[in-house]
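Residues per chain, in single letters:
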Amino acid sequence: NYKALHKTPAKSSIQPALVPIAGILEVLVGMYGKRSRVRAWLHTPHPDLGGATPMSFVLSGRADVVRDMLQAALAGIDAYCWHAPPLMRLSRRCPS
């Protein structure tokens, strides 16, 4: 919970959950620079997340999905390839 995290952010049991969130923020700050733009992106519905906001994924414990999506985009991987079933990826020549 937020109170426990705020009180002991360095606690070893919390750190693994923070790694994808740190990755997300690192990419977004590099892309947008300003905190207000980062915040806006996190709270804007995204088609590659089924219309959900990236923040809703983070808050539901699925920050790794958002981090992977951003890393794929930075690598130039088509969004279709990022979330398509494995057999469909072959037809689009998606990287494995």
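Residues numbered from 1 in each chain as written. Predicted model: local features only at pLDDT ≥ 70, side-chain atom pairs only at ≥ 80, totals over all residues. Heavy atoms only, no water.

Enquirer: When you look at the nonpolar core in this model, what are you seeing that I'm missing?
Expert: As a rule of thumb, soluble globular proteins bury nonpolar side chains together. Ile 24, Leu 28, Trp 41, Leu 42, Leu 49, Val 66 and Leu 70 are the most contacted members of the largest nonpolar core, which has 13 residues in total. Taken together, the elements giving at least two residues each to this core come down to α2 (15-32), α3 (35-42), α4 (54-59) and α5 (63-74). For this core, the element with the highest residue contribution is α5, accounting for 4 residues. (Core = buried A, V, L, I, M, F, W, Y, C linked by side-chain atoms within 4.5 Å. Buried < 20%, exposed > 50% of the residue type's maximum accessible area, 1.4 Å probe, protein only. Helix = DSSP H or I, 4+ residues; strand = E, 2+ residues; numbered from the N terminus.)

Enquirer: Any chance you could explain α2 here in plain terms?
Expert: Helical periodicity: at 3.6 residues per turn, an α-helix aligns residues three or four positions apart in one direction. The terminal C-alpha atoms of α2 lie 25 Å apart, and with 18 residues this matches the ideal 26 Å at 1.5 Å per residue to within 8%. Buried residues of α2: Pro 20, Gly 23, Ile 24, Val 27 and Leu 28, and no others. The inward-facing, buried residues of α2 abut α3, α4 and α5. Phi turns positive one or two residues past the end of α2, at Gly 33, with a value near 75°. (Expected span 1.5 Å × (residues − 1). Contact = heavy atoms within 4.5 Å.)

Enquirer: Mind showing me how you'd approach the packing of aromatic side chains here?
Expert: Given two aromatic rings, their pairing is described by the distance between the two centres and the angle made by the two planes. Under the criterion given, the structure shown has 0 aromatic pairs. Cation over ring: Arg 62 sits above Phe 57, and NZ or CZ is 3.9 Å from the ring centre. (Phe/Tyr/Trp six-rings, centres within 6.5 Å; stacked < 30°, edge-to-face > 60°. Lys NZ or Arg CZ within 6 Å of the ring centre and 35° of its normal.)

Enquirer: Hey, could you run me through the pattern of salt bridges in this one?
Expert: Should the charged atoms of two oppositely charged side chains come close, the side chains can pair. According to the stated counting rule, one finds 1 salt bridge in the structure shown. Asp 68 is the salt-bridge partner of Arg 67, the closest N and O atoms lying 3.2 Å from each other. Residue classification places Arg 67 among the partly exposed residues on the basis of a relative accessible area of 21%. Given a relative accessible area of 31%, Asp 68 falls into the partly exposed group. (Salt bridge = Lys/Arg side-chain N within 4 Å of Asp/Glu carboxyl O.)

Just geometry here; none of it tells us what the structure is for.
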